[in-house]
Amino acid sequence: MQLRKIAFIGAGNMSRSIISGLVQSGYPADHLIASNRSNDKLTALENDFRISTTQNNDKAIAWADVVVLAVKPQMMAEMIASLTSNPEILQKKLYISIAAGIPIERFNQMFGFTVNLVRTMPNTPSLLGLGLTGLYAPENVSADDKSFANDLMKAVGKTVTLADEDGIDAIIGVAGSAPAYFFLFMECLAEQAEKQGFSAQQAREIVAQVALGAATMVNNSDIPIATLRQQVTSKGGTTAKALDSFNQDKLSDVTERAVQAAINRAKEMANLF
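In this text the structure is predicted, and so the values were computed from the model without any measurement.

Caption draft 1: Spatial organisation of the sheet that holds strand β8 (residues 157-161). If you walk across this open sheet you meet the eight strands as β3-β2-β1-β4-β5-β6-β7-β8, and the pairing is mixed. Where the open sheet ends on each side, the last strands, each with one partner, are β3 (52-54) and β8. Strand-to-strand twist of the sheet, defined as the mean angle between neighbouring strand axes without regard to direction, takes the value 25°. Two strands pair when backbone bridges link them, and strand β2 (residues 32-35) and β3 are joined in this way by three bridges, in the parallel orientation. Note on β3: the bridge partner recorded for A34 is T53.

In structure tokens, the structure reads:
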């Protein structure tokens, strides 16, 4: 990974996760700075990772080569409008956005110039270093800058490069929001386990272990997921009967509608900020 000075504007969970991943992988702490309104979060970052911190966004940006925009989407316009740095300084930076719902054109409007910016969409397992992040960069972003952004987000998991900005909405539907889909299914399965007489704690442990095992089997093999499903489904057996029930209820159609609903909402959010 290229060695650049990185400023995190916003010190929430995702910034903390990226900083943790970078430091644990050997990235020098003296090349990292975080800025935030709350001093408590900054103090925690200083104590845990020995990075620099400030409550002055302009100071952090002026020092850095790369700026990670990690404030809440509804606060982004206010934060950018409050910057007092010379526009010539701001234009020299690479920006990496982890804010949902703000398209690049909107960032250009906020800054008042064409921003050298990569949009990213990480999901919540990034907090454990097990995330999936989609990245999109327009043509004005150099290959080196694209590579750096990709390496940065690999600090919290795996990455997928998107061919166009609409891919950000798609990645939200199939990855960004998707942990909640699995949580919902796990919740339903745990409820059924309790109905069969297991305690709440036993049900949780059962469901968690089954989910972990299934995901690990997919992750550690090139075998198609459909084939893995077939391998544990004996004709006329218990698993086959359960899957028949899912198919009769058109689980595939339900999933398609849910994913599309998330994508549609992502497109609507682009007009909110």
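From this point, the narrative continues.
Caption draft 2: View of the pattern of salt bridges. A complete count under the given rule lists six salt bridges for this structure. Residues E78 and R37 are paired through a salt bridge, measuring 3.0 Å at the closest nitrogen-oxygen approach. Of this pair, E78 sits in helix α4 (residues 73-81) while R37 sits in the loop between β2 and α2 (39-49), and the two are 41 residues apart along the sequence.

Caption draft 3: Representation of the nonpolar core. Counting residues in each nonpolar core, the largest one holds 32 residues, and the members touching the most others are L69, M76, M79, Y95, F107 and F111. Counting residues in each nonpolar core, the second largest holds 30 residues, with L32, A34, L135 and V156 among its members.

Caption draft 4: Quick look at unusual backbone geometry. The phi torsion at R50 lies on the positive side, around 60°, for a residue other than glycine. Mapped onto the secondary structure, R50 falls in the loop between α2 and β3. On the basis of relative accessibility, which here comes to 61%, the residue R50 falls in the exposed class. Despite not being glycine, K250 has its phi angle at roughly 55°, a positive value. One can find K250 in the loop between α12 (238-248) and α13 (251-269).

Caption draft 5: Representation of the packing of aromatic side chains within the structure. Evaluated as defined, the whole model comprises three aromatic pairs. Their ring planes at 50° and their centres at 4.9 Å tell us that Y95 and F111 sit as a pair that is tilted. Of this pair, Y95 sits in strand β5 (residues 94-97) while F111 sits in helix α6 (residues 104-111), and the two are 16 residues apart along the sequence. Note on accessibility: Y95 and F111 belong to one class, buried. Judged by centre distance (6.0 Å) and plane angle (50°), the rings of F185 and F246 are tilted. Of the two residues, F185 sits in helix α9 (residues 178-195) while F246 sits in helix α12, which places them 61 residues apart along the sequence. By relative accessible area, F185 is classed as partly exposed at 44%. Among the aromatic residues, those joined into a ring-pair cluster are Y95, F111 and F113.

Caption draft 6: Structural context of the packing of α4 against α6. Running from amino to carboxyl end, α4 crosses α6 at an angle of 30°, the nearest separation of the two axes being 9 Å. Here α4 is positioned roughly parallel relative to α6, judged by the angle of their axes. In this structure, α4 meets α6 at a crossing whose hand is right-handed. On the side of α4, the interface is formed by M76, A77 and I80, while α6 contributes R106, F107, M110 and F111. Across the contact of α4 with α6, the residue classes break down as six nonpolar, no polar and one charged.

Caption draft 7: Representation of the pairing of β2. Burial along β2 is two-sided: the face carrying L32 and A34 and the face carrying I33 and S35 are both buried. Where the polypeptide runs from strand β1 (residues 6-9) across helix α1 (residues 13-24) and back to β2, its parallel neighbour, the crossover connection is right-handed. What joins β2 to β3 is α2, and the crossover it makes is right-handed.

Caption draft 8: View of the environment of L135. In this structure, L135 sits in strand β7 (residues 131-136). Residue classification places L135 among the buried positions, given a relative accessible area of 5%. With residues up to four places along the chain from it excluded, the contact list for L135 reads V118, R119, T120, A149, N150, M153, T159, V160, T161 and L162.

About the criteria used
- Residues numbered from 1 in each chain as written.
- Predicted model: local features only at pLDDT ≥ 70, side-chain atom pairs only at ≥ 80, totals over all residues.
- Heavy atoms only, no water.
- Pairing = 2+ DSSP bridges.
- Helix = DSSP H or I, 4+ residues; strand = E, 2+ residues; numbered from the N terminus.
- Axes fitted to C-alpha atoms, helices over the stretch in contact; angles between N-to-C directions.
- Salt bridge = Lys/Arg side-chain N within 4 Å of Asp/Glu carboxyl O.
- Core = buried A, V, L, I, M, F, W, Y, C linked by side-chain atoms within 4.5 Å.
- Buried < 20%, exposed > 50% of the residue type's maximum accessible area, 1.4 Å probe, protein only.
- Phe/Tyr/Trp six-rings, centres within 6.5 Å; stacked < 30°, edge-to-face > 60°.
- Parallel < 35°, antiparallel > 145°, perpendicular 65-115°, else oblique.
- Left-handed = near helix turned anticlockwise from the far one by under 90°.
- Contact = heavy atoms within 4.5 Å.
- Nonpolar A, V, L, I, M, F, W, Y, C, P; charged D, E, K, R; others polar.
- Right-handed = clockwise from strand over helix to strand, strands pointing away.

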